[in-house]
Amino acid sequence: MKYNIALVPGDGIGPEIIADAKEVLEKVGEKFGHEFVFTEYDAGGCAIDKYGIPLPQETIDGCLASDSVMLGAVGGPKWDDMPNHLRPEKALLALRKEMGLYTNLRPAKIQPALKDACVLRQDIAERGFDLMIVRELTGGIYFGERGRNEEGDAAYDTESYSVMEIERNARNAFEIARKRNCHVTSVEKSNVLETSRLWKETVHRLHDEEYPDVKLDDMYVDNAAMQIVRDPSFFDVIVTSNMFGDILSDEASQVTGSIGLLASASLGDSKRGMYEPIHGSAPDIAGTGLANPIATILSAAMMLRYSFSLSDEAECIENAVAKVLEEGWRTKDIAAPDDENWLTGSQMKDKILEAI
Ligand code: IPM
Ligand code: MG
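From a predicted model like this one, the values you see are computed outputs, not experimental measurements.

### A look at the packing of helix H10 (residues 294-306) against helix H11 (residues 311-326)
Inference 1: Relative orientation of the contacting elements H10 and H11 amounts to 160°, with a least axis distance of 7 Å. With respect to their mutual orientation, H10 and H11 come out roughly antiparallel. The chirality of how H10 crosses H11 is left-handed. In contact with Ile294, Ile297, Leu298, Ala301, Leu304 and Arg305 of H10, H11 contributes Ser311, Glu313, Ala314, Glu315, Ile317, Glu318, Val321 and Leu325.
Inference 2: Classifying every residue of the contact of H10 with H11 by side-chain character gives nine nonpolar, one polar and four charged.

Written out as structure tokens, the structure reads:
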């Protein structure tokens, strides 16, 4: 089969990790007899430099015409003082919205080979964990009205959710839970926020009507943050809002050892998705070889699974990553402090290519 993939490398370490993921996809294509055709588009700071705006129409059109999108990361200090509508991050948010990608899947799993790198108590790390954060992605405070008063000495951002927005995301969470351990934890702050009360009501109604076979519990976001560092094996699927999901997914990733390991998939009503590492553009380490390409390579695996239904091919990548880690190869972020044999990102990618 032939698949058209839009690549949006972005800024900072984005271009290097996307180049690594592209090579991995090419290798998998060769091995399984698929043709992946790549087209690159600008978004973020690089687009601001080139076109004066963070998300050119050409990028939106190219992504919408593709079978799926892989994104590196956007942003950097160079563009930090841009007005809100011209910030690089705007590109990412607008692309998610334009593509209708309302659900963000962020798996956080401890790699057996990396139990030592886990910051949790050793007996809990030993037990391991495998959780899936299902984050609402095109609503909530990220997209609500915001502004400042005339004097400029007060500001506001608005959190708002409709039943439809909550329901379509929760539906994905229940569906995913059915393929895993059939347990959903709905994370909100219903002891304070009205949007969270609507969230909780909606999730429960959907559960009672359509998913009574799935175990459902509720947790306030502050308790969930605590539970992730106390014992994340409590969780199977977490379903939560845009902002809570943003925060909890960074927390969960650090607990696995490094944010450089975690992939994500953004999905909507069609098979077309956007796949990106959950980490940022890390401009301070761009070009130094320190960036870990694993999160992006695992995002490519998610693309094969969710957008192209190529699960054997996805597993092939995941197994190659696990094997290389099992053999003891490490990038700097996951190497022990006294380990001087760590690999650069590109060397890590070469090891993964060998293992495919
Ligand atoms: C993420 C990032 C983005 C987000 C930023 C860069 C806008 O932190 O994908 O988690 O907050 O969604
Ligand atoms: Mg984030």
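### Description of the pairing of strand S4 (residues 103-109)
Inference 1: Within S4, five of the seven residues are buried, which leaves the element mostly enclosed by the surrounding structure.
Inference 2: Sheet topology places S4 next to strand S5 (residues 130-136); seven bridges connect them, and they run antiparallel. Following the sheet pairing, Lys109 is matched in S5 by Asp130.
Inference 3: Pairing between S4 and strand S11 (residues 263-267): three bridges, direction antiparallel.

### Some points on unusual backbone geometry
Inference 1: The phi torsion at Ala282 lies on the positive side, around 35°, for a residue other than glycine.
Inference 2: Its location among the elements puts Ala282 in the loop between strand S12 (274-277) and H10.
Inference 3: If you check the backbone angles, Ser309 has positive phi at about 55° while not being a glycine.
Inference 4: Position of Ser309 among the secondary structure elements: in the loop between H10 and H11.

### A closer look at the domain arrangement of the protein chain
Inference 1: We note that the domain assignment places domain 1 (1-101 + 269-356) and domain 2 (119-255) within the protein chain.
Inference 2: Each of domain 1 and domain 2 was reduced to a C-alpha centroid, and the two centroids are 25 Å apart.
Inference 3: Taken residue by residue, the interface counts seven residues in domain 1 and 10 residues in domain 2.
Inference 4: In this assembly, domain 1 packs against domain 2 so that about 780 Å² is buried in total across both faces, 64% of it on carbon and sulfur atoms.
Inference 5: Summed over the three residues of domain 1 that lose the most area to domain 2, namely Arg96, Lys97 and Ile278, the buried surface amounts to 53% of that side.
Inference 6: Our enumeration of links across domain 1 and domain 2 arrives at zero salt bridges.
Inference 7: Counting residues per element, the side of domain 1 that touches domain 2 draws most heavily on helix H4 (residues 88-98), at three residues.
Inference 8: Broken down by class, the residue content of the side of domain 1 that touches domain 2 amounts to four nonpolar, one polar and two charged.

The rules behind each value
Throughout, a residue's number is its position along its own chain's written sequence, starting from 1. Starting at A for chains and at 1 for ligands, labels are handed out in the order in which the entities are written. Residues qualify for local features only when their pLDDT is at least 70, as the model is predicted, and side-chain atom pairs are given and counted only at 80 or more; totals for whole chains, interfaces and linings, by contrast, use all residues. With hydrogens and water set aside, each side-chain value is computed from the structure's full complement of heavy atoms. Axis angles are defined between N-to-C directions and span 0 to 180 degrees, where every axis is a line fitted to C-alpha atoms and, for a helix, only to the segment in contact. Secondary structure elements follow DSSP: runs of H or I no shorter than four residues count as helices, runs of E no shorter than two count as strands, and numbering proceeds from the N terminus. Oblique is the label for any angle not covered by the other classes, which are roughly parallel (under 35 degrees), roughly antiparallel (over 145) and roughly perpendicular (65 to 115). Working rule for handedness: look at the near helix, and if it is turned counterclockwise from the far one by less than a right angle, call the crossing left-handed; if clockwise, right-handed. In this description, contact between two residues means that some pair of their heavy atoms is separated by no more than 4.5 Å. For this classification, the nonpolar set comprises Ala, Val, Leu, Ile, Met, Phe, Trp, Tyr, Cys and Pro, the charged set comprises Asp, Glu, Lys and Arg, and every other residue, Gly included, is treated as polar. Summary of the burial criterion: residues with accessible area below 20% of their type's maximum are buried, those above 50% are exposed, and those between are partly exposed, where the area comes from a 1.4 Å probe applied to protein chains only. For two strands to pair, DSSP has to find at least two bridges joining them. Throughout, the edges of the domains are those of an automatic or database domain assignment. Put simply, buried area is the surface a 1.4 Å probe can reach on two separate parts but cannot reach once they are joined, added for both. Salt bridge, as applied in this entry: a Lys or Arg side-chain nitrogen positioned within 4 Å of an Asp or Glu carboxyl oxygen.

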